[in-house]
Protein chains: 2
Amino acid sequence: MDRGSTVAEALLARRTIHQFDPDRPIEPGSLVRILELATRAPSDFNLQPWRFLVVRDRKDRQKVGRCVLGPAAWAEAPVVVIVLGYLHPHQTHLEAIVDEMVRRGSLHHEAALAVKGRAASTMAREANPESWAGRSCMLAAAWLVLAAEGLGVQSALVERFESAPLRQAFGIPDDHAIGCLVGLGHALETPPFPGRLPLDAVCFSDHFGQPFMPNQI
Amino acid sequence: MDRGSTVAEALLARRTIHQFDPDRPIEPGSLVRILELATRAPSDFNLQPWRFLVVRDRKDRQKVGRCVLGPAAWAEAPVVVIVLGYLHPHQTHLEAIVDEMVRRGSLHHEAALAVKGRAASTMAREANPESWAGRSCMLAAAWLVLAAEGLGVQSALVERFESAPLRQAFGIPDDHAIGCLVGLGHALETPPFPGRLPLDAVCFSDHFGQPFMPNQI
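Residues numbered from 1 in each chain as written. Chains lettered and ligands numbered in written order. Predicted model: local features only at pLDDT ≥ 70, side-chain atom pairs only at ≥ 80, totals over all residues. Heavy atoms only, no water.

Engineer: Describe the packing of aromatic side chains, with residues and values.
Structural biologist: Tallied over the full model, the rule gives two aromatic pairs over all chains. With centroids separated by 4.6 Å and ring planes inclined at 50°, the aromatic side chains of A:F204 and A:F208 adopt a geometry described as tilted. With respect to burial, A:F204 and A:F208 carry one shared label: buried. A cation sits over an aromatic face here: A:R40 above B:F193, 3.7 Å from the ring centre. (Phe/Tyr/Trp six-rings, centres within 6.5 Å; stacked < 30°, edge-to-face > 60°. Buried < 20%, exposed > 50% of the residue type's maximum accessible area, 1.4 Å probe, protein only. Lys NZ or Arg CZ within 6 Å of the ring centre and 35° of its normal.)

Below you can see the structure in the form of structure tokens.
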């Protein structure tokens, strides 16, 4: 049995796909597996604010494509996921989440009430829930892309789109931030690696601006 | 040779670690490999706005710990990375990035000028660069955490901290958003899985609020 790629292999092989094979769908079992693995992303208080709006109907995918700023051929992917970030999970899901943590031995039952209170009050004081939810659902999008890659499904993560028509077309309410769009499918061709800045251009040691020294501990 | 975990294994095994073994450092070669893999994250126009401020000095890690809202034992991890998002990479790094894309055959040289122009003008019109950079560096943080997990290094991704004292302590300028903190090391103990909401609580099919139907294409 194919065990799937290692993490390093998947991270090195992944490309943002521009053209997907319209004749190669994703098996429903694979799609469920990918979504389940995506929910393994970590989140603040385990609040899991990500929501996955899975778009498979061709007309609906074309609607997504029309909301994209830039080339939209990727929206021909057999599956397009609109990754959302729910702003108020502490108001609706906190009980269920904490109870499950207690049931799994991840939290002592005597601590449950205090954790619920702390999560609720911290979230109520959150200065920018839109930004909180937006950042969190990017983690889930990352998990989604890498879960797919590990199972042999390629992707395109798209960060630039028009929110208002997307909200209207798919009924996305204002209490959900739209984080990004992810096309999933099989690449028609694998684009070349576009390169990255050298490590010393993006890493610092101990203080901002200080050169990165790998060997210094 | 150990090939490392598969992606699915890594996603299932990963936990947010509360206590790291202070006596087990990360090999410098491993740390470099993890950071290099983290830079493989995708970004808008390949602008790579993530920056990794790698904190290894114990006193400096304690400073990070004091800026955290909530338990801070994870900051005893041998390596703490402050993941930043640079707001203006199009003003300083776009030339080098696009030239490298041309050199690697990822972009035709005749298209280079147009791409530079489009990236620069799109970024100049960006309504919320702080949020753009913040979302993007969460992708890099996700890549960082999963690259580490794949190479047998555990992590804690922390989203809640006080920005002002962190900026002051580490000289982080205002044109860099602070996305999150990531502790890297070897777990003293692996916490139990805290559970997740069921898939049908976080997935929709084709329209917001519509139940997720795995088998419907």
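Engineer: Before we move on, can you summarise the relation of the copies chain A and chain B with the specific residues and values?
Structural biologist: Aligned on chain B, chain A shows an RMSD of 0.0 Å; the corresponding rotation is 180° and the shift along the axis is 0.0 Å. The two molecules are tied by a two-fold rotation axis, judged by turn and shift. Minimal C-alpha distance to the rotation axis in chain A is attained by A:T6, lying at 1.9 Å. Of all interface residues in chain A, 100% are interface residues in chain B too; the two copies therefore contact each other through one and the same surface. (Least-squares fit on C-alpha atoms with pLDDT ≥ 70 in both. Contact = heavy atoms within 4.5 Å.)

Engineer: How would you sum up empty space enclosed by the protein? Please name residues and give values.
Structural biologist: Counted according to the given criterion, the structure contains one cavity of 30 Å³ or more. Here the largest cavity defines a volume of roughly 40 Å³. Looking at the largest cavity, the residues that line it are A:V7, A:L11, A:L146, B:V7, B:A10, B:L11 and B:L146. Among the elements of the structure, α1 (7–13) of chain A together with α1 (7–13) of chain B are those that each provide at least two residues to the lining of the largest cavity. Counting residues per element, the lining of the largest cavity draws most heavily on α1(B), which supplies three residues. (1 Å grid on protein atoms, 1.4 Å probe; cavity = no way out; pocket = protein on both sides within 12 Å on 5 of 7 lines; lining within 4 Å. Points joined across faces, edges and corners; volume = space filled by probe spheres on them. Helix = DSSP H or I, 4+ residues; strand = E, 2+ residues; numbered from the N terminus.)

Limitation: the analysis is restricted to geometry and does not speak to function.
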